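# Structural characterization, general
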Amino acid sequence: MIAIYARVSTEEQAKHGFSLNDQIRQCRLKAGTNKVKEYIDDGISGEFLDRPALTKLREDVREGIIAKIICLDPDRLSRKLMNQLIISDEFDRRGIELIFVNGEYSKTPEGNLFYSMRGAIAEFEKSKINERMSRGRREKARQGKVLRDFQIYGYKYDKETEQFIIDEDEAAIVRLIFDLFTQPNTMVQGLNGIALYLTSKGVPTKRGAALWHRQVVRQIIMNRAYIGEFYQNRWNTEGMLGNKHRKDEEKIPMRERPKSEWILLPCPAIVDEAQFEHAQRLLSESRRRWAQKSKHPYLLSGLLRCGDCGNTMTGRLSNNWGKKVPEYTDIKNTAGAKSKGCGRRIKAHIIEEQVWEQVASWLNNPDEIAAALQQEKTKEPFEAGEIARIEKEIEKTKNARKKLIKLFAASEDGIAEEDIRQELKELSLKEESLNNQLLELSETLNSAQNNEYNINILMEAVQYYLSKGQDELTFEERRDLIRQVVREIRVYEDTVEIFTF
């Protein structure tokens, strides 16, 4: 049986007039008969091989159903020369005659050369089209125009002006999310709590869904568009168009471009910049601050860090003459822990009373809060110490890799080659992890500190504290007040340092 293969993508149909009807008509004329089987891929790019109709054609060829294949042009089979050669070789090995309407193809040196040249030109043309389109989009972005509707919650896309405008109904929800996340003593806590609250109130998402997820809330809190900074050309999505036709392990991920290539587009702000930066600081600590509840609650859970080894200090019950006593320790017994800790331990009631007395002193004397914030400026931020430590670790890791590479190069008989490869892989992963930590700490350290906003937050905590009185505060309320005031607590042998926001 004679098969006709036709393909068109939306882009080609619009630009070059490769309509399916025209392709099929010309292929039928070339066949000289109406007894043909049609294989048609409509609106699918020719950059990849996994296309429904082409896959079916290849299966029928393998089953011996097809004897001859007619196609308008080699680039209908694929836009990539390598893929064209794979398909044509597959057909040739089964004795299938492959005929093109625009030009003959024969298994001769001249025919192979002509075929390869046409394929190379088609691939080049496709690349140039993509380049021109990308360049045009970048130039449009540099002119201050929004390329398309990015579906950002809180904004509408004006097609006429090609700009974002504020959607007041959604913007009110954006402000509510930031208020719930940054203001103290609300009934709603954390990303998950905000998502559950919005779902319970029947607030629809941008796509009209009734269910909110914590990740959606996180993305909103992290989006700098809400302070008037929208970035275009940030993400590289090249090749992702065909992901729906690829297997999971073959799918192309979206990649972030270098920051130097991002294009900043000012847009109307929805939230105050000081509140946004405060939310980022809270978010950076959220994994520790809103850790899953343990069986025994700890007042300072997620806030303590050993001042010497840098390990976080977690709560546990120690065995003291048969009695379980709550304590905090920096010892890490989990498999794969980066540092086992230096063994620092402190009884929970001692450190908790000490920290609460300090926080309560600030809350009872609001003037001390401003003084504490001012004093905070003179202290070295704990991130600075961590950055110095991580930089040393990175340098050690690089030196270790260099030594292993020299050892690998000097190895003549291949002894322990696999061990060296494994160690190199582990060191590379460690260096990558350390660099990520360094980047995160640097961003936190360099983020603008807005004392006026911090004082306002603390004043709200003061008002709540004074309205209830110390004796009436529940454990949860005391813990939440501490978390609104305290960012980190560093424990040394004889002293404790409390860092506020």
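Quick caveat: nothing in here was measured; it's all calculated off a predicted structure.

The subject of this paragraph is the UniProt feature "active site" (unreviewed entry) in the protein. In the numbering used here, UniProt assigns the feature "active site" (unreviewed entry) to Ser-9. Structurally, Ser-9 is set in the loop between β1 (2-8) and α1 (10-16). Sequence-distant contacts of Ser-9, defined by excluding residues within four places in its chain, comprise Gly-43, Ile-44 and Ser-45.

Let us look at helix α9 (residues 214-222). Since the α-helix packs 3.6 residues into each turn, any two residues three or four apart lie on the same face. Of the positions making up α9, those classed as buried are Val-217, Ile-220 and Ile-221. For α9, the angular spread of the buried residues around the axis is 95°, confining them to a single face.

Take the nonpolar core next. Counting 35 residues, the largest nonpolar core has Ile-177, Phe-178, Trp-212, Ile-221 and Tyr-226 as its most contacted members. The element contributing the most residues to this core is helix α7 (residues 168-182), with seven residues. Excluding residues that lie within four positions of it along the chain, Phe-178 makes contacts with Ile-220, Ile-221, Tyr-226, Val-271, Gln-275, Phe-276 and Ala-279. If you look at the next biggest cluster of nonpolar residues, it comprises 27 residues, including Ile-351, Val-355, Trp-356 and Val-485.

Two numbers describe how α7 lies on α9: the axes approach to 10 Å, and their chain directions differ by 95°. One finds that α7 runs roughly perpendicular with respect to α9. For the pair α7 and α9, the contacting residues are Val-174, Ile-177, Phe-178 and Phe-181 in the first and Val-217, Ile-220 and Ile-221 in the second. Class assignment of the residues belonging to the contact of α7 with α9 gives a composition of seven nonpolar, no polar and no charged.

Before going further, it helps to spend a moment on the sheet that holds strand β3 (residues 68-71). The strand order across the open sheet formed by four strands is β2-β1-β3-β4, and the pairing between neighbours is parallel. The sheet terminates laterally at β2 (36-42) and β4 (97-100), the two strands that pair on one side only. Ignoring strand direction, the axes of neighbouring strands in this sheet form an average angle of 20°. Looking at chain direction, β1 and β2 are connected through seven bridges and run parallel. Note on β2: the bridge partner recorded for Arg-7 is Asp-41. Relative to β1, helix α2 (residues 20-31) is tilted by about 155°, and along the sheet it contacts β1, β2, β3 and β4.

Next up on the list: the sheet that holds strand β14 (residues 345-347). If you walk across this open sheet you meet the three strands as β12-β13-β14, and the pairing is antiparallel. Since the sheet does not close on itself, it has two edges, and those belong to β12 (314-320) and β14, each with one partner. Sheet twist, expressed as the average angle between the axes of neighbouring strands with direction ignored, equals 45°. Running over the sheet, helix α12 (residues 348-364) touches β13 (323-329) and β14 and is turned about 75° from β14.

For the rest of this paragraph, the subject is the pattern of salt bridges. Taken as a whole and judged by the stated rule, the model has 16 salt bridges. Linking Arg-62 and Glu-90 is a salt bridge whose minimum nitrogen-to-oxygen distance equals 3.6 Å. Here Arg-62 is found in helix α3 (residues 52-62), whereas its partner Glu-90 is found in helix α5 (residues 81-93), with 28 residues between them in sequence. Residue class for Arg-62 comes out partly exposed when judged on its relative accessible area of 45%.

Moving on: the packing of aromatic side chains. Applying the stated criterion to the full structure yields eight aromatic pairs. With a centroid separation of 5.7 Å and an interplanar angle of 40°, the aromatic rings of Tyr-155 and Phe-164 are classed as tilted. Look at Phe-164 and Phe-230: their rings are 5.0 Å apart centre to centre, the planes differ by 85°, and that puts the pair in the edge-to-face class. Here the residue Phe-164 occupies a position in strand β6 (residues 163-166), and Phe-230 occupies one in strand β7 (residues 229-232), the gap between them amounting to 66 residues. For the pair formed by Phe-164 and Phe-230, the shared burial category is buried.

Before going further, it helps to spend a moment on the environment of Pro-266. Positionally, Pro-266 belongs in strand β10 (residues 263-266). Separated by 36 residues in sequence, Pro-266 and Phe-230 have C-alpha atoms that sit 6.1 Å apart.

Running from amino to carboxyl end, helix α8 (residues 190-200) crosses α9 at an angle of 110°, the nearest separation of the two axes being 8 Å. Viewed along their axes, α8 and α9 adopt a mutual orientation that is roughly perpendicular. From α8, Leu-191, Asn-192, Ile-194 and Ala-195 reach across to α9, where they touch Arg-214, Val-217, Arg-218 and Ile-221. Residue classes in the contact of α8 with α9 are distributed as five nonpolar, one polar and two charged.

Glancing now at the side chain of Glu-488. Structurally, Glu-488 is set in strand β15 (residues 486-491). Assessed through its relative accessible area of 0%, Glu-488 is described here as buried. In terms of polar contacts, Glu-488 uses its side chain to reach the side chain of Arg-305, at 2.4 Å.

This brings us to a negative patch on the surface. Residues Glu-418, Asp-419, Glu-423 and Glu-426 make up a contiguous surface patch of negative charge. Within the secondary structure, Glu-418 sits in helix α15 (residues 417-446). Accessibility expressed as a relative area gives 59% for Glu-418, which makes it exposed.

Counting buried residues in β15 gives six out of six residues, a clear majority hidden from the surface. Bridge analysis of strand β11 (residues 304-306) against β15 gives three bridges, and the strand direction is parallel. Its bridge partner lying in β15, Arg-305 is registered against Arg-490. Examined bridge by bridge, β15 and strand β16 (residues 496-500) share five bridges and lie antiparallel to one another. Following the sheet pairing, Arg-490 is matched in β16 by Glu-497. Linking two consecutive strands that pair antiparallel, namely β15 and β16, is a turn of four residues.

To continue, consider the pairing of β3. Two elements, β1 and β3, share four bridges in a ladder whose sense is parallel. Note on β3: the bridge partner recorded for Tyr-5 is Cys-71.

Conventions we followed
Residues numbered from 1 in each chain as written. Predicted model: local features only at pLDDT ≥ 70, side-chain atom pairs only at ≥ 80, totals over all residues. Heavy atoms only, no water. UniProt positions renumbered as here; feature names shortened; annotations may be inferred. Helix = DSSP H or I, 4+ residues; strand = E, 2+ residues; numbered from the N terminus. Contact = heavy atoms within 4.5 Å. Buried < 20%, exposed > 50% of the residue type's maximum accessible area, 1.4 Å probe, protein only. Arc of directions from axis to C-beta. Core = buried A, V, L, I, M, F, W, Y, C linked by side-chain atoms within 4.5 Å. Axes fitted to C-alpha atoms, helices over the stretch in contact; angles between N-to-C directions. Parallel < 35°, antiparallel > 145°, perpendicular 65-115°, else oblique. Nonpolar A, V, L, I, M, F, W, Y, C, P; charged D, E, K, R; others polar. Pairing = 2+ DSSP bridges. Salt bridge = Lys/Arg side-chain N within 4 Å of Asp/Glu carboxyl O. Phe/Tyr/Trp six-rings, centres within 6.5 Å; stacked < 30°, edge-to-face > 60°. Polar contact = N/O pair within 3.5 Å; in protein donor to acceptor, adjacent residues only side chain to side chain. Patch = residues over 30% accessible without salt bridge, like charges linked within 9 Å, V, L, I, M, F, W, Y side chains within 5 Å. Areas by Shrake-Rupley, 256 points an atom, 1.4 Å probe, with all protein chains shown as cover. Lys, Arg positive; Asp, Glu negative; His and termini not counted. Charge placed at Lys NZ, Arg CZ, Asp CG, Glu CD.

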